[in-house]
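# Commentary on secondary and tertiary structure
Given next are the chains, with one letter for each unit.
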Amino acid sequence: MNLWRLEILRVLRTRRWIALGAVYVGFGLLGPLSAKYLAELLKLSGTGADGITITFPPPVPADGMAQYVANALQVGTIVAVVVVAGALAFDAIPEMGVFLRTRVTSVWGILIPRLVVSFAVCAAAFVLGTATAWYETWALLGPLSASAVAWGTLMGILFTAFLVALVAAIAQWAKGVLGTVLTSLVVLIVLPILGIVRAIQVWLPTRLGGALTELTSGTPASEFWRSSLVAVLATVGLLVVAAWGARRREI
Amino acid sequence: MISTRALTKRYGATTALDDVNLQVPDGSIYGLAGPNGAGKTTILGIIAGLKEASSGEVVLGVGRHEIAVLSDTPQFDKWLTGREVVALSLELASAGTDAARIDQVLAETGLTEAARRRVGGYSRGMLQRLGIAATLVSRPRLLLLDEPASALDPQGRREVLDLITRLRGTATVLFSSHILADVQEVCDTVGILRGGRLLFQGPLHQLLVGSAVPRYEVRLRGNSAPAIAALRRAPWVTQVREFNAGEVLVEVRSLQDAEVGLPRALAEAGASVVSLRPEEVSLERAFLELTQ
């Protein structure tokens, strides 16, 4: 038994992998389906009291991926933050923190397995959900550009790395899992709000979370270099902050 | 094994530890006694490297990897089995996976049957014993135990104290407790802490004999009033109190005075003496006299 196995067991025995997989794969299945049948679904619900009829253009393949991203980016991010915070707020129960901290020579020994396994499981869920959405889109709406999906997936993974590093940093300063989750979500909500200003938006790492939508709609991958650069730098910086916070924290 | 020099810890305006010079001899079982909030956990935390001192220093005679720490209410991930917790502790402390050693400590702590059950189903006493198993498994040279028996029922407490006693000679143990009977039972060296200050430190017998005011318990038959009056007049007697009919507690300046003067004073007063003996000094009494 070592800290790597401990983290793998955490994911398996607490069934966190099911929660993440269900959210991403579930939306991967439902996204393209709802894009395909959105007009019919609204028709079934009837017209409004004022007799207004809403007419949708015929769905295109990009709509399938857009529906997936819209749902997965919200609910998936919340679930991912909860899962990652549960692993990285290791001082949330001080007695557990004492057990671990007094048995390792460096806090990196605790942090690295938690960071890697949390990132791996979140990224795997995202990739699996994207693959599902891609297949479902192809089956229902038509093919998508493979390179656009591949770039979008890569950027989604980069966003996941940023998210894990952000939660890790906050976990070493916040009190408990709940505090970590709420603070992380506030940051992840505030950043896109700043993106209302276009000049800021192109630099935001959170833009990468929705890159799949833009890329499959025709936006070139080169549009995302600034967000990607900031995401990489922020991830590294946040990991340094996490290690610093973990070292200086007293329990 | 451990010494601290002018160790001080402040939290804002509050001083949790004030100029503490701890000396824990190699191989000793050192009991750090004091009321809640005295600073016991803070000292252990600083020695364990979990807290930073505001000033002063800690000198350790062992490497960090040879220290094991047990918190007062150990907790572990509920989805691990007891055996996995002990195995994890061993792996982290010594990078080893000695299955026989894991089984041995589980047996010593009475957890063999529960070893493959998940920790979430353990009682508080079982968690405490699991914490001790996880602490002992790597054969540490220094154990820091924070109130190891305070949360246990009498049987669990008995088992934990026996385990600590068995460590004598194999490891140095520094354990904190506000249960003075526990300290008196298993420790050879004692430190008394109050309000962050170390009021006494030394061998247990020195505290019991040296710090407590000597008293004699005298049992008299018949009218005890003349004897009590005579004792009150004696210059080496500081206090006389009849706590039951015919049972008198005589507080004296020194045992030597009492050994010579007490039988003579009683004989001169014509008292009928049933028994006469020095009061057994408990750590509790010594502690109270020291801290009040």
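What counts, and at which threshold
- Residues numbered from 1 in each chain as written.
- Chains lettered and ligands numbered in written order.
- Predicted model: local features only at pLDDT ≥ 70, side-chain atom pairs only at ≥ 80, totals over all residues.
- Heavy atoms only, no water.
- Contact = heavy atoms within 4.5 Å.
- Buried area = accessible area lost by both parts, 1.4 Å probe.
- Salt bridge = Lys/Arg side-chain N within 4 Å of Asp/Glu carboxyl O.
- Polar contact = N/O pair within 3.5 Å; in protein donor to acceptor, adjacent residues only side chain to side chain.
- Helix = DSSP H or I, 4+ residues; strand = E, 2+ residues; numbered from the N terminus.
- Nonpolar A, V, L, I, M, F, W, Y, C, P; charged D, E, K, R; others polar.
- Phe/Tyr/Trp six-rings, centres within 6.5 Å; stacked < 30°, edge-to-face > 60°.
- Lys NZ or Arg CZ within 6 Å of the ring centre and 35° of its normal.
- Pairing = 2+ DSSP bridges.
- Axes fitted to C-alpha atoms, helices over the stretch in contact; angles between N-to-C directions.
- Expected span 1.5 Å × (residues − 1).
- Buried < 20%, exposed > 50% of the residue type's maximum accessible area, 1.4 Å probe, protein only.
- Arc of directions from axis to C-beta.
- pLDDT = per-residue confidence, 0-100.

Once that is clear, we can look at the interface of chain B and chain A. Each partner contributes to the interface: chain B provides 29 residues, whereas chain A provides 22 residues. Summed over both partners, the interface of chain B with chain A comes to about 2300 Å²; 60% of that surface belongs to carbon and sulfur atoms. Considering only the surface of chain B that becomes buried against chain A, Leu 50, Trp 79 and Leu 92 of chain B emerge as the three largest contributors, covering 31% of it. At the surface where chain B touches chain A, the tally comes to 3 salt bridges. One salt bridge connects Glu 84 of chain B with Arg 13 of chain A, and the closest N-O pair in it is separated by 2.7 Å. Our count for the contact surface shared by chain B and chain A stands at 10 residue pairs in polar contact (both at pLDDT 80 or more). Counting only elements with at least two residues in the side of chain B that touches chain A, the list comes to strand E1 (2-11), strand E6 (67-70), helix H2 (82-94) and helix H4 (124-136) of chain B. Tallying contributions element by element places H2 of chain B first for the side of chain B that touches chain A, with 8 residues. Residue composition of the side of chain B that touches chain A, by class: 15 nonpolar, 6 polar and 8 charged.

All names here are of chain A. By the definition in use, this model includes 5 aromatic pairs over all chains. In this arrangement the basic side chain of Arg 207 is found over the ring face of Phe 224, its NZ or CZ atom lying 4.3 Å from the centre. Against the face of Trp 203 rests Arg 226, its NZ or CZ located 6.0 Å from the ring centre.

All names here are of chain B. Judged by pairing direction, the sheet is mixed, and its 6 strands sit side by side in the order E6-E7-E8-E4-E9-E10 without closing on themselves. Both outer strands of the open sheet, E6 and strand E10 (197-203), are each paired with one neighbouring strand and no more. Each adjacent strand pair in this sheet contributes to an overall mean axis angle of 15 degrees, direction not counted. Bridge analysis of strand E4 (residues 29-33) against strand E8 (residues 172-177) gives 5 bridges, and the strand direction is parallel. When the bridges of E8 are listed, Leu 32 appears paired with Ser 176. Against the sheet, helix H10 (residues 283-291) touches E4, strand E9 (189-194) and E10, its axis set at about 40 degrees to E9.

Residues and elements named next belong to chain B. Over its 13 residues, helix H5 (residues 154-166) extends 18 Å from the first C-alpha to the last, a length consistent with the 18 Å expected when each residue adds 1.5 Å. For H5, the set of buried residues is Gly 156, Val 160, Leu 161, Leu 163 and Ile 164. The buried residues of H5 occupy one face: seen down the axis, they fall within an arc of 155 degrees. Residues Pro 154, Gln 155 and Arg 166 are exposed on H5 and point more than 90 degrees away from its buried face.

Turning next to the confidence of the model for chain B. Of the residues in chain B, 98% have a pLDDT of 70 or more, and the chain-wide mean is 87. Among the prediction metrics, the complex's ipTM stands at 0.83, with pTM recorded as 0.81.

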